[in-house]
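Commentary on secondary and tertiary structure
Spelled out, the chains give:
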Amino acid sequence: QKASNNSMFMSQRQRSELLAEATALEKLTRGKCYEWFSGILILLNCVFTGWQTEMMAQRALANTAMSVAIETATPSGVVVGQAFFT
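Small disclaimer: the values here were computed from a predicted structure and weren't measured.

Concerning the side chain of Asn 63
Position of Asn 63 relative to the elements: it lies in helix H4 (residues 32-65). Note on Asn 63: relative accessible area 6%, which makes it buried.

Regarding the pattern of salt bridges
Per the counting criterion, the structure on display carries 2 salt bridges. Arg 13 is the salt-bridge partner of Glu 17, the closest N and O atoms lying 2.8 Å from each other. A residue pair is termed a helical-turn pair when its members lie 3 or 4 positions apart in one helix, as Glu 17 and Arg 13 do in helix H2 (residues 12-21) at 4 residues. Among the salt bridges present, the one from Lys 32 reaches Glu 35, with a minimum N-O distance of 3.8 Å.

Describing a nonpolar patch on the surface
A grouping of Leu 25, Leu 28 and Tyr 34 is seen on the molecular surface, where their side chains present a nonpolar patch of about 320 Å² in accessible area. With respect to the helices and strands, Leu 28 occurs in helix H3 (residues 24-29).

Regarding the packing of aromatic side chains
Taken as a whole, this structure holds 1 aromatic pair when the rule is applied. Summarising the aromatic geometry, the rings of Phe 48 and Trp 51 are spaced 5.9 Å apart at their centres and angled 40 degrees between planes, so their arrangement reads as tilted. Placement of the pair is Phe 48 and Trp 51 together in helix H4, with a separation of 3 residues, close to one helical turn. What makes Trp 51 partly exposed here is its relative accessible area of 44%.

Remarks on the packing of H4 against helix H5 (residues 76-85)
At a minimum axis distance of 11 Å, the contact between H4 and H5 shows a crossing angle of 155 degrees. Judged by the angle between their axes, H4 and H5 are roughly antiparallel. Between H4 and H5 the crossing geometry is left-handed. Contacts from Leu 41, Leu 44, Asn 45, Phe 48, Trp 51, Gln 52 and Met 55 in H4 reach Val 78, Gly 81, Gln 82, Phe 84 and Phe 85 in H5.

Some words on unusual backbone geometry
Although it is not a glycine, Ser 67 sits at a positive phi angle of roughly 55 degrees. The class of Ser 67 is exposed, set by a relative accessible area of 70%.

Conventions adopted
- Residues numbered from 1 in each chain as written.
- Predicted model: local features only at pLDDT ≥ 70, side-chain atom pairs only at ≥ 80, totals over all residues.
- Heavy atoms only, no water.
- Helix = DSSP H or I, 4+ residues; strand = E, 2+ residues; numbered from the N terminus.
- Buried < 20%, exposed > 50% of the residue type's maximum accessible area, 1.4 Å probe, protein only.
- Salt bridge = Lys/Arg side-chain N within 4 Å of Asp/Glu carboxyl O.
- Patch = residues over 30% accessible without salt bridge, like charges linked within 9 Å, V, L, I, M, F, W, Y side chains within 5 Å.
- Areas by Shrake-Rupley, 256 points an atom, 1.4 Å probe, with all protein chains shown as cover.
- Phe/Tyr/Trp six-rings, centres within 6.5 Å; stacked < 30°, edge-to-face > 60°.
- Axes fitted to C-alpha atoms, helices over the stretch in contact; angles between N-to-C directions.
- Parallel < 35°, antiparallel > 145°, perpendicular 65-115°, else oblique.
- Left-handed = near helix turned anticlockwise from the far one by under 90°.
- Contact = heavy atoms within 4.5 Å.

Spatial relationships are all this shows, so hold off on functional conclusions.
Below you can see the structure in the form of structure tokens.
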């Protein structure tokens, strides 16, 4: 049974051959550093989206309480953040 389980995985030689044929971009995106960077970027995007939504809701609530027209302009800091995550 152990031999049948091992047949499901690539040998070291096969893995080396595949890596040798991979482009630089493929090698980069298969690395652990890229996975961590990508994951952290996704988490930061979630935090930024939550912060932006909360900020806009608080601003709308404050403007409504003061009977001020709701602002539709996006603050420049939010625009910069959107550009970063786009």
